[in-house]
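Chain and residue survey
Residues per chain are reported as follows:
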Amino acid sequence: MTKALLKVEGLKTWFDTPEGTVRAVDGISFELRRGETLALLGESGCGKSISALSLLQLVPEPAGRIVAGRVMLGDQDVLAIPERDMRKIRGRRIAVIFQEPQTSLNPVLTIGTQIREALPEGFSDRRARERVVALLTSVGIADAERRYHEYPHQLSGGMKQRAMIAMALASEPDILIADEPTTALDVTIQAQILRLLKELQQKTGMAVLLITHDLGVVAEMADHVAVMYAGQIVESAPRKTFFAEPRHPYARKLFRSLPSRFKRGQALDAIPGSVPSLAQAFHGCRFAERCDQAWDLCRQKAPRWINKTESGVRCHLYDPDIPTTEAVAEAPSAPPSTKDAPPSPAGPANEVLLRMTDLKVHFPIHKGVFRRVVGHVKAVDGVSLEIGKGRTLALVGESGCGKTTVGKGILQLIRPTAGSVTFDGEELTALSERALRPMRRRFQVIFQDPYASLNPRMLVGDILEEGMRAQDLGGHPQDRAARTEALLRHVGLPAEARNRYPHEFSGGQRQRISIARALAVDPQLIVCDEPTSALDVSVQAQILNLLKQLQDELGLSYLFITHNLSVVEYLAHEVAVMYLGRIVEKGLVHEVLESPKHPYTQALLSAVPRIDTDTGRKVIRLEGDIPSPSNPPAGCHFHPRCPEATAACRESYPGPSRFSATHETCCHLYATGANTGKRD
Amino acid sequence: MIAYIVRRLLYAVPILIGVNLLTFALFFFVNSPDDMARIHLGMKRVTPEAIAKWKEDRGYDKPLLYNSRAAGADKFTDTIFFRHSVRLFVFDFGRSDQGRNIGRDIMSRMWPSLAIALPTFLVGILVNITFAMLLAFFRGSYLDTWGVVVAVIMMSISTLFYVIGGQYLVSKLLHLVPISGYDTGVEAIKFIILPVIIGVIGGIGSSTRLYRTFFLEEINKDYVRTARAKGLSELRVLFHHVLKNAMIPILTGVVVIIPLLFIGSLIMESFFGIPGLGSYTIDAINSQDFAIVRAMVFLGSVLYIIGLILTDISYTVVDPRVRLN
């Protein structure tokens, strides 16, 4: 065992707010060794980012302050170092990359300037330039000379994160703190960045403190895991031990709340409630309220840290001095399946509710004095899909592929440029706005961000009733009120929520309100646009359970727009994979996810970090970024990134090839002479 | 970029025509030439002949829009509308009701206006940004809190107070510079100093407070955290990272008034006796000289439209993310 490079002991960082003192970080200890990756795992608001900022004395002042603890970097206590000398540590010995490369780079300075600032002193002008270009090249940025003079907005998200990494590496730090480095990126780009980090770590031997909420990323990257909950570390263990046998009830619950194909047909084991407010003094265990194994002692006495070699846990269950006879037995690991078994995953849809044929949504590009139309952004370019009654179609793709626009095109929130959308036999694209209004109650939408999609000035009751009023539903005001309360209870909220404002609710509760709002007009179809992307894993499970339960009870159809493939595996019946405005593969979930045909689908599936890392998964490397839909590559749109591209791929867009009644893909690999070149 | 500017200039044409029509309606329908004549000649004992002569001298005796007695194109050109309104488009302002050449007046009075307005503008920006940065640097401290309090007090006080107070203190008690007046050449400096200082002081309160919020907004952004995490000093962070971003809203906010600097300030010029366009306008209003007022209203609109176009262009200069098209 090598000596620890960084040793954190009893670190406490508190914030003074009008609501009282928030104990964001409340006594955490960990060690970091050279060449090792320690993952700090936790949900939002549990204090992991503040822990990282504390190490650098970068906690936002004056509200935040470090009240106790030591951070030993070698023999030096970092927290005791005055600000002036701290600058020699920041960036030089401990460097950071942040979550949002978009906002973490200065928009008005060039990439080159920003990286140069991070170089140690004593570089001549020419040498500094060379060094920056070398750094950019080393993080995999092609054409570094040109990128040197470019501004952040000229780079794609993945490239910006690469530039951030180059900046962090500029002074060859001993420790790299990576704060959710890939959360804002698409899975194929995430795979690129994670691989880059691993390679750089092997080359330089730096220690990495990886902050993340994603168990998959942890499994991929970490040597050691520390789980944070409500400002404390509740479990710490080597990766293998942790994934083989998580010990803390919270960690165990996290695993079980993850959706996956093995849990299809079952309710997910969601953790009830949400992370408690840290603006209080805790007496018992912080997880007790949400723990199904808690007993009286858990609410009265805070558990101590029980250390074993290499690992430790903060839970009364593992305390040898506490008899656990009173402990509630753990719920069986496979939760009982929901009462009504979902429609069998195989078997075609019986009755089609929505059918879109060759749907196109093009946005004009204007240019010149008279703003002539010089081209089109083909956001959606010929999409044909069907959604059966009571079924879920997942639309999967990376950001910018046009999946949200498909949703808007269906709902006629954007009028499609061409193609048809028939809903229950009625052609929507031909309807006037006036004729469309009564139709709208039959298809509703739930948006991604529950914080932005509810009007903050309206009471929850009014938000729910507005749709009913517009559609003249629900009768008398009293009846409407009763209906509103019934809806709120249906989605798992108290009826009193009616008289409160959206900001009084947590993210998960707000998404429940969004769902209740959609349900208020008795729709048949709900377009769910990334409904759980903004939520924590434990809350995501609650929402997925609710959506599934509602489908079983009410026979709803869902168009589930998402980039999260494990959600698709868990929830969807059919899946369509979208790339640059077109569907490249579609079929029943098990067909597409178990035997993907299109190279893009294969790459997408392989790029998702899995928690079972030892199965020998091979990541298919996709180079580069998604091209712009205003100027898609000729031939097959995917060919520049495709590992299996041939000459034919550069020339024509492939026609569909069928593998079963439901499964088809558009790829030259499977084309027989007869059905190539159907399009273009 | 060029295409954008051309398009914006084309957009300006209908706006200017609208402004022109509105001023015409305001000055000749609401207030007919007969009314103007009466105001100038006095209400009592005015003979119709005197009115007719007054109108004839100034060309107000013509029909408003259509001259049926004239021949050919003159039917439209030999009218009040054409002579007094359409000609404004080529900056032919004609003669004032007192018979002065307005165009020449504007050319000569523009310079004293600029001599006051331009230094006030430049020094003002510099001073306000400096104060705002100072408060932002010491954010949350007593200096910041009291700075904001002082700024609020200063913006609550009327400009007139600064003018009169300044004149009393600096000129009357201390005899440092003349109370008012103007001169040409180097001598002008002693007349310029006081109005410039007072103009700057009058603007400090509101601008400092506004700019401070711009700085604070930037300071709380993620890229500042990145800059600090690189190990940069707080001064470097402030001057190199924050300032450049905060300058975007500041600059684009002030660019719009740059063309209007030519017109000067109504209040400052009349209180300090500066023979600029501001006092020109005030005098014209006082003497009911509508020809001058009309010219200044039109000129003001033209300069304002130019200011708006300059604002859009200035975005591309200070913000690399903005490309006009």
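Residues numbered from 1 in each chain as written. Chains lettered and ligands numbered in written order. Predicted model: local features only at pLDDT ≥ 70, side-chain atom pairs only at ≥ 80, totals over all residues. Heavy atoms only, no water.

**A closer look at the overall build of chain B**
What counts is decided by this rule: Secondary structure elements are taken from DSSP: a helix is a run of H or I of four residues or more, a strand is a run of E of two residues or more, and numbering for both begins at the N terminus. Just to be clear, the radius of gyration here is over C-alpha atoms, and the globule rule we use is 2.2 Å times residues to the power 0.38. The buried label applies to any residue whose accessible area, calculated with a 1.4 Å probe on protein chains only, is under 20% of its type's maximum; exposed applies above 50%, and partly exposed to all values in between. The criterion used for residue contact is that any of the two residues' heavy atoms lie within 4.5 Å. To measure how exposed things are, a 1.4 Å probe is used in the Shrake-Rupley method; for residues, cover is taken only from the protein chains shown. Charged residues are defined narrowly, with Lys and Arg counted positive, Asp and Glu counted negative, and His plus the chain ends left uncounted. By convention, charge coordinates are those of NZ in Lys, CZ in Arg, CG in Asp, or CD in Glu.
Helix and strand counts for chain B stand at 14 helices and zero strands. On C-alpha atoms alone, chain B measures out to a radius of gyration of 25 Å, which is more than a quarter above the 20 Å that the 2.2 N^0.38 rule sets for 325 residues. Principal-axis analysis of the C-alpha atoms gives chain B an extent of 85 × 55 × 35 Å. Residues counted as buried form 45% of the 325 residues belonging to chain B. In chain B, once contacts between residues fewer than 6 apart in sequence are set aside, the share between residues at least 24 apart is 68%. In the structure as shown, chain B presents an accessible area of about 16700 Å², 68% of it carried by carbon and sulfur atoms. Taking the average place of the 31 positive charges on the side chains of chain B and the average place of its 23 negative ones, the gap between the two points comes to 5 Å.

**Describing the overall build of chain A**
Helix and strand counts for chain A stand at 22 helices and 24 strands. Relative to the compact-globule value of 26 Å for 680 residues, chain A shows a C-alpha radius of gyration of 27 Å, a close match. In terms of overall dimensions, chain A has a C-alpha envelope of 75 × 65 × 50 Å along the principal axes. Of the contacts formed within chain A by residues at least 6 apart in sequence, a portion of 66% connects residues at least 24 apart. About 28200 Å² of surface is accessible on chain A, with carbon and sulfur atoms providing 51% of the total. Of note, chain A has its 83 positive side-chain charges centred 3 Å away from the centre of its 78 negative side-chain charges.

**Things to note about the interface of chain B and chain A**
Filter applied, for reference: Defined in terms of a 1.4 Å probe, buried area is the accessible area two parts forfeit on being brought together, summed over both. Salt bridge, as used here, is a side-chain nitrogen of Lys or Arg placed within 4 Å of a carboxyl oxygen of Asp or Glu. Put simply, Ala, Val, Leu, Ile, Met, Phe, Trp, Tyr, Cys and Pro go in the nonpolar bin, Asp, Glu, Lys and Arg in the charged bin, and everything else, Gly too, in the polar bin.
Across the contact, 26 residues belong to chain B and 29 residues belong to chain A. When residues of chain B are sorted by the area they lose upon contact with chain A, Arg-225, Lys-230 and Pro-320 of chain B head the list and together hold 25% of the total. The tally of links between chain B and chain A comes to two salt bridges. No other element matches helix H11 (residues 234–255) of chain B, which puts seven residues into the side of chain B that touches chain A. A class-by-class count of the residues in the side of chain B that touches chain A yields ten nonpolar, seven polar and nine charged.

**As for the packing of aromatic side chains**
To be explicit about the condition: To pair, rings of Phe, Tyr and Trp, with the six-membered ring standing in for Trp, must have centres within 6.5 Å; the planes then decide the type, stacked if under 30 degrees apart, edge-to-face if over 60, and tilted in the middle. The criterion is that NZ of a Lys, or CZ of an Arg, lies within 6 Å of the ring centre and within 35 degrees of the ring normal, and then a charge sits over that ring.
The full count for this structure, using the stated rule, is 14 aromatic pairs over all chains. Note on Phe-161 of chain B and Tyr-162 of chain B: the rings are 6.3 Å apart at their centroids and 75° apart in plane angle, and the pair reads as edge-to-face. Using a relative accessible area of 55% as the deciding quantity, one classes Phe-161 of chain B as exposed. Pairwise contacts between aromatic rings join Tyr-229, Tyr-250 and Phe-287 of chain A into one cluster. Seen from the ring of Trp-14 of chain A, Arg-23 of chain A lies directly overhead, with NZ or CZ sitting 4.7 Å from the centre.

**Some remarks on a nonpolar patch on the surface**
Residues and elements named next belong to chain B. Here is the rule: What goes into a patch is any residue over 30% in relative accessible area without a salt bridge, connected to like charges within 9 Å or, for nonpolar side chains (Val, Leu, Ile, Met, Phe, Trp, Tyr), within 5 Å.
Nonpolar side chains collect at one region of the surface, where Leu-26, Phe-29, Val-30, Leu-65, Tyr-66 and Phe-76 lie side by side and expose about 660 Å² of accessible area between them. At three residues, helix H1 (residues 2–30) tops the list of elements feeding residues into the nonpolar patch. Relative to the assigned elements, Leu-65 resides in the loop between helix H3 (48–58) and helix H4 (74–77). Overall, the relative accessible area of 46% leaves Leu-65 in the partly exposed class.

**Some remarks on the state of the cysteines**
Residues and elements named next belong to chain A. Convention followed: Note that a disulfide, as used here, is simply two cysteine sulfur atoms within 2.5 Å.
One pass over the structure, following the stated rule, counts zero disulfides over all chains. No disulfide involves Cys-636; its sulfur sits 5.8 Å from the nearest other cysteine sulfur, which is in Cys-649. Free cysteine: Cys-667, not disulfide-bonded; nearest cysteine sulfur from Cys-649 at 6.2 Å.

**Thoughts on the sheet that holds strand S13 (residues 352–367) of chain A**
Residue and element names in this part refer to chain A. Just so we agree on the cut-off: In this scheme, strands are said to pair when DSSP sees at least two bridges between them. As a rule, the C-alpha atoms of each element are fitted with a line to give its axis, helices using only the stretch in contact, and angles between N-to-C directions run from 0 to 180 degrees.
Across the sheet, four strands lie side by side as S14-S13-S16-S17; this open sheet has antiparallel pairing. Both outer strands of the open sheet, strand S14 (372–388) and strand S17 (426–427), are each paired with one neighbouring strand and no more. Sheet topology places S13 next to S14; 13 bridges connect them, and they run antiparallel. By the bridge assignment, Lys-360 is partnered in S14 with Asp-381. This element, helix H13 (residues 403–410), spans S13, S14 and strand S16 (418–423) of the sheet and lies at about 115° to S13.

**Digging into the pattern of salt bridges**
Residue and element names in this part refer to chain A. Considering all chains together, one arrives at 53 salt bridges over all chains under this definition. One salt bridge in this structure joins Glu-465 and Arg-469, with 3.5 Å as the shortest N-O distance. Of this pair, Glu-465 and Arg-469 both sit in helix H15 (residues 460–470), four residues apart, which is roughly one turn of the helix. Judged by relative accessible area, which is 44%, Arg-469 ranks as partly exposed.

**Looking at the environment of Leu-135 of chain A**
Here Leu-135 of chain A lies in helix H5 (residues 125–138). The sequence separation of Leu-135 of chain A and Ile-89 of chain A amounts to 46 residues, and the corresponding C-alpha distance is 20 Å.

**A word on the domain arrangement of chain A**
To keep it simple, the criterion reads: Note that domain bounds follow an automatic or database assignment of domains.
Segmentation of chain A into domains returns domain 1 (102–172) and domain 2 (352–459 + 509–670). Just the C-alpha atoms count here: the centres of domain 1 of chain A and domain 2 of chain A sit 35 Å apart.

**Side note on the packing of H11 of chain B against helix H14 (residues 290–318) of chain B**
Residues and elements named next belong to chain B. Note the cut-off: Orientation is classified from the angle alone, with under 35 degrees giving roughly parallel, over 145 giving roughly antiparallel, 65 to 115 giving roughly perpendicular, and any other angle giving oblique. When the near helix sits turned anticlockwise from the far one by under a right angle, the crossing is termed left-handed; a clockwise turn instead gives a right-handed crossing.
One can describe the packing of H11 onto H14 by two numbers: an axis separation of 8 Å at closest approach and a directional angle of 160°. Put simply, H11 runs roughly antiparallel to H14. When you trace H11 past H14, the crossing you get is right-handed. Across the interface between the two elements, Ile-248, Leu-251, Thr-252 and Val-255 of H11 pack against Gly-307, Leu-310, Thr-311, Ser-314, Tyr-315 and Val-318 of H14.

**Some thoughts on the sheet that holds strand S24 (residues 664–666) of chain A**
Adjacent strands of a sheet pair through backbone hydrogen bonds, lying either parallel or antiparallel. Residue and element names in this part refer to chain A. Judged by pairing direction, the sheet is mixed, and its eight strands sit side by side in the order S18-S19-S20-S15-S21-S22-S24-S23 without closing on themselves. Lying at the two open borders of the sheet, with one neighbouring strand each, are strand S18 (443–446) and strand S23 (656–658). Each strand of the sheet is rotated relative to its neighbour by a mean of 20°, with strand direction disregarded. Contacts from helix H18 (residues 537–554) reach strand S15 (392–396), S18 and strand S20 (557–562) within the one sheet, and its direction differs from that of S20 by about 155°. Sitting on the sheet, helix H21 (residues 599–607) is in contact with S15, strand S21 (574–579) and strand S22 (582–588), with an inclination near 105° to S21.

**What to know about helix H7 (residues 157–169) of chain A**
Our working definition: To estimate how far a helix should reach, multiply one less than its number of residues by 1.5 Å.
For H7 of chain A, built from 13 residues, the straight-helix expectation of 18 Å at 1.5 Å per residue is met to within 8% by its first-to-last C-alpha distance of 19 Å. By the criterion of burial, H7 of chain A is predominantly enclosed, with twelve of the 13 residues buried.

**Section: the side chain of His-248 of chain A**
Residue and element names in this part refer to chain A. Basically, it comes down to this: Pairing of N or O atoms within 3.5 Å defines a polar contact, subject to two protein rules: one partner must be a possible hydrogen donor and the other a possible acceptor, and residues neighboring in sequence count only if both atoms are side-chain atoms.
Relative to the helices and strands, His-248 resides in the loop between helix H10 (239–244) and helix H11 (249–257). By relative accessible area, His-248 is classed as buried at 2%. In terms of polar contacts, His-248 uses its side chain to reach the backbone amide nitrogen of Tyr-250, at 3.0 Å.

**Some points on the confidence of the model for chain A**
Residue and element names in this part refer to chain A. Selection criterion: Each residue carries a pLDDT score, the predictor's confidence in it, ranging from 0 to 100.
Here chain A averages 87 in pLDDT, while 94% of its residues score no lower than 70. When the criterion is pLDDT under 50, residues 333–349 qualifies, and its contacts beyond four places in sequence or with other chains add up to 30 contacts. Long-range and interchain partners of residues 674–680, a stretch whose pLDDT sits below 50, account for 15 contacts in this model, where long-range means more than four residues apart.

**A short note on the side chain of Thr-484 of chain A**
Among the structural elements, Thr-484 of chain A can be located in helix H16 (residues 477–490). When neighbours within four sequence positions are excluded, Thr-484 of chain A is seen to be in contact with Gly-461, Leu-464, Glu-465, Met-468 and Arg-498 of chain A.

**Quick notes on the nonpolar core**
Residue and element names in this part refer to chain A. Under the convention used in this document: We define a nonpolar core as any set of buried Ala, Val, Leu, Ile, Met, Phe, Trp, Tyr and Cys residues linked to one another through side-chain atoms lying within 4.5 Å.
With 79 residues, the main nonpolar core has Leu-6, Phe-30, Leu-55, Ile-165, Ile-175 and Ile-177 as its most contacted residues. With eight residues, the single largest contributor to this core is H7. The residues touching Leu-6, leaving out its near neighbours within four places in the chain, are Phe-30, Glu-31, Leu-32, Leu-55, Val-71, Met-72, Leu-73, Ile-94 and Ile-175. Listed in part, the 67 residues of the second largest apolar core include Ala-516, Ala-541, Val-589 and Ala-607.

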